[in-house]
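Each chain, written out:
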Amino acid sequence: MKMSGSFGSIDSPGSNSRRPADNLSLVRGSTATLLSDQTVYDVLCGAAGRWADRDAALFVEQGIRWTWSGLHRQVELAAAGFARLGVRKGDRVGIWSPNRCEWLVTQFATARIGAILVNINPAYRLAELEYTLNKAGVSVVVSAAGFKTSDYLQMLRGLGIGPSGRSEKLPHLTTVVQLGDEPVAGMLDWNSLLDAGTAHTADLPPPTAMNCREAINIQFTSGTTGAPKGATLTHRNIVNNAGAVAGCMQLSENDSLCIPVPLYHCFGMVMSVLACAVTGARMVFPGEAFDARATLAAVEAEKCTALHGVPTMFIAELEHPEFARFNLGSLRTGIMAGAPCPVEVMRRVQTDMHMREVTIAYGMTETSPVSFQSATDDPLDKRVSTVGRILPHLEVKVVDVEGRIVAIGEKGELCTRGYSVMQGYWNDDERTQEAVRDGWMHTGDLATLDSDGYCSIVGRVKDMVIRGGENVYPREIEEFLFRHPKVAGVQVFGIPDQRYGEELCAWIVTKPGVTCTGEEIRSFCRDQIAHYKVPRHIRFVDELPVTVTGKPQKFVMREAMMSELGLSQAVTR
Ligand code: AMP
């Protein structure tokens, strides 16, 4: 039945969620409310119906403000424009853009006609762009003019898109819709797409009978090795996850969510956009790309009640020289997620940023994305030191290398099962079968569960360092070093070593205006942590390499250290 299990009452992980049984690391989320059968477009129609004249979205940098009915109108026009270009249900439409209003419209317009939205990472360069467009068989791509140092339209021309609008290298691609201010030969501009839609709204088929179990989105994961993989998600995957995530924050139409996280990632398009559409909360986009000052200014000017970010964003905001000038008193909640969230940062976000009800979420693109999230009323220590409890309708187990469920408190690989697990990697059965076995998504993350069902992420399976036979979890040492008063950011990783097999390295960013030495760090560790956990190599850097979504790139640091120390790749694990 359509619209069953709408989001009138959202199940929070605290209610009726089960604790681990039999001392084993296996938890199941509550099933007290039904899963929703809504499609992404149903969600927008619901919002436009219930909150028509209330603000839906504000794009500060572009100066655009839409109500829910205004957004709905834009979506209808763009959808008619796409239909006019020949886009049909199941076709793939790519979007390659930072956080602009056209991204939001394209997300819902593709859903309106049942086309599958393909998110392309704004940081991609030529080879990745060519690979993803071809892998997903994208027929229409919406492209910004550029982002930071990348000239997107130049790159598309580099792939052979000329005045004819076609390229042999991109055989599926028929149209580039460009978001620049100037006309470009061989490309359609956004306003012309909307004009075509205005003139041909009758061409738009009635909202197709769509099934919530059909694919609606392909998200290429950031993968540090190998070609990007296209996690394919259904309406049911992402609509339900957005509802659960919004429930943990108790989001409502009275909230305004500040969204500095990128739209191309689940954090933006699911945990932010869809979470707002499900609850009627207002979306505030401070800028096209993350900027700490612009984010703080948007929170103050728009009296935002919620703020999202990866840990590095919150750190940049807290460390900003003008931080104290901004009035952040309107803030209540939000989500920190995407990478390990240092306890100290969580504490400061609660006190200095007034986000008393901030939550931590954990998940991955392949699970739509969130599996665990803290609730606003969880005990303080759990809210700062764990990723909370399992979301409704999901199951999680923690297993050892043989696949056996480990005892409570023991470390192992976290596996997730339930409605949130992706359909698979687009056109890649082999890698799908490696990742999803018997319905369980093998995350590659190391975790522990406690007897109340709270989960701690202790690292990545591959990041664990084995030094002289001792297992060392970089996350633990990062947490410790973070407590040093001069440390603003830190990453710990292993490199090969003749004597111990592996040795520990730390890369540290100090707080503005202070200097620090390796000896100061070592003496801070002395008598506090075991000797084998004290990093042998310590380097001070201006910034830590991270992906667009703020994930630390340990492989970049590892390679740099190895080349500095003259170690060969051959000895790497
Ligand atoms: P992505 O698919 O880009 O969302 O990346 C997912 C990965 O980010 C997970 O497999 C984790 O390694 C990491 N991650 C996400 N959230 C957290 C968190 N709260 N704590 C630690 N790691 C996290």
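Preceding this section is the structure that the text describes.
Residues numbered from 1 in each chain as written. Predicted model: local features only at pLDDT ≥ 70, side-chain atom pairs only at ≥ 80, totals over all residues. Heavy atoms only, no water.

1. Points about empty space enclosed by the protein
- This model, assessed by the stated rule, comprises 3 cavities of 30 Å³ or more.
- Quantified by volume, the largest cavity comes out at close to 50 Å³.
- Together, Val-40, Gln-107, Thr-110, Ala-111, Ala-115, Leu-117, Ile-216, Asn-217, Ile-238 and Met-269 line the largest cavity.
- Of all elements in the fold, only α3 (101–113) and β11 (215–220) reach the threshold of two or more residues within the lining of the largest cavity.
- Element by element, the count of residues in the lining of the largest cavity is highest for α3, at 3 residues.
- Each residue belonging to the lining of the largest cavity can be placed in one class, and the counts come to 7 nonpolar, 3 polar and no charged. (1 Å grid on protein atoms, 1.4 Å probe; cavity = no way out; pocket = protein on both sides within 12 Å on 5 of 7 lines; lining within 4 Å. Points joined across faces, edges and corners; volume = space filled by probe spheres on them. Helix = DSSP H or I, 4+ residues; strand = E, 2+ residues; numbered from the N terminus. Nonpolar A, V, L, I, M, F, W, Y, C, P; charged D, E, K, R; others polar.)

2. Quick notes on the packing of helix α10 (residues 311–319) against helix α11 (residues 343–351)
- For the pair α10 and α11, the least separation of the axes is 10 Å and the interaxial angle reads 55 degrees. Relative to α11, α10 is oriented oblique. When the axes of α10 and α11 are compared, the crossing they make is left-handed. Here Phe-314, Ile-315, Leu-318 and Glu-319 of α10 come into contact with α11, specifically with Val-345, Arg-348 and Val-349.
- For the contact of α10 with α11, a count of residues per class yields 5 nonpolar, no polar and 2 charged. (Axes fitted to C-alpha atoms, helices over the stretch in contact; angles between N-to-C directions. Parallel < 35°, antiparallel > 145°, perpendicular 65-115°, else oblique. Left-handed = near helix turned anticlockwise from the far one by under 90°. Contact = heavy atoms within 4.5 Å.)

3. A closer look at unusual backbone geometry
- Cis geometry marks the peptide bond from Ser-368 to Pro-369; its omega dihedral reads -5 degrees.
- Turning to its location among the elements, Pro-369 is positioned in the loop between β17 (357–363) and β18 (370–373).
- The backbone phi angle of Gln-250 is positive, close to 55 degrees, even though this residue is not glycine.
- Here Gln-250 shows up in the loop between α7 (235–249) and β13 (256–258).
- For Lys-303, which is not glycine, the phi dihedral falls at a positive 50 degrees.
- Secondary-structure assignment places Lys-303 in the loop between α9 (292–302) and β15 (306–309).
- Judged by relative accessible area, Lys-303 falls into the exposed class, the value being 59%. (Buried < 20%, exposed > 50% of the residue type's maximum accessible area, 1.4 Å probe, protein only.)

4. A word on α9
- Along α9, the positions that sit buried rather than exposed are Ala-292, Thr-295, Leu-296, Ala-298, Val-299 and Glu-302. End-on, the buried residues of α9 take up no more than an arc of 160 degrees, which puts them together on one face.
- Residues of α9 that are buried in the fold lie against β2 (55–59), β3 (64–67), β13, β14 (282–285), β15 and α10.
- Regarding α9, its N-cap is Asp-291, as a side-chain oxygen of that residue lies 3.3 Å from the backbone nitrogen of Arg-293 further along.
- Where α9 terminates, the next one or two residues include Lys-303, which has phi positive at roughly 50 degrees. (Arc of directions from axis to C-beta. Polar contact = N/O pair within 3.5 Å; in protein donor to acceptor, adjacent residues only side chain to side chain.)

5. Some remarks on the site of the ligand
- The local shell around the ligand holds 16 residues, among which His-265, Ala-361, Thr-365, Asp-445 and Lys-551 are the closest.
- In the model, a nitrogen atom of the ligand is placed 2.8 Å from a nitrogen or oxygen of the Ala-361 main chain.
- Contact distances for the ligand include 3.3 Å between an oxygen atom and a side-chain N or O atom of Arg-460.
- A total of 500 Å² of accessible area belongs to the ligand in isolation, and the protein chains cover 90% of it.
- By residue number, the principal contributor to the shell around the ligand is β17, which donates 4 residues.
- Partitioned by chemical class, the residues of the shell around the ligand number 8 nonpolar, 5 polar and 3 charged. (Near = heavy atom within 4 Å. Areas by Shrake-Rupley, 256 points an atom, 1.4 Å probe, with all protein chains shown as cover.)

6. Examining the packing of helix α1 (residues 40–50) against helix α2 (residues 68–84)
- One way to put it is that α1 packs onto α2 with a least axis distance of 8 Å and a crossing angle of 140 degrees. In terms of their interaxial angle, α1 and α2 are classed as oblique. Considering how the two elements wind past one another, α1 and α2 form a crossing that is left-handed. Contact with α1, carried on its side by Tyr-41, Leu-44, Cys-45, Ala-47 and Ala-48, involves Trp-68, Ser-69, Leu-71, His-72, Val-75 and Glu-76 of α2 and no other residues of that element.
- Of the residues contributing to the contact of α1 with α2, the split by class is 8 nonpolar, 2 polar and 1 charged.

7. Observations regarding the nonpolar core
- Counting 173 residues, the largest nonpolar core has Leu-71, Phe-82, Phe-108, Met-353 and Phe-372 as its most contacted members.
- With 11 residues, helix α8 (residues 266–279) is the single largest residue contributor to this core.
- When residues of this core are assigned to domains, at least three map to each of domain 1 (65–210) and domain 2 (467–571).
- The contacts of Phe-82, once residues within four sequence positions are left out, are Val-87, Val-93, Thr-106, Ala-109, Ile-113, Val-140, Val-142 and Leu-193.
- Core analysis: the second largest hydrophobic core is formed by 9 residues, Phe-493, Ile-495, Cys-505 and Met-561 among them. (Core = buried A, V, L, I, M, F, W, Y, C linked by side-chain atoms within 4.5 Å. Domains from an automatic or database assignment.)

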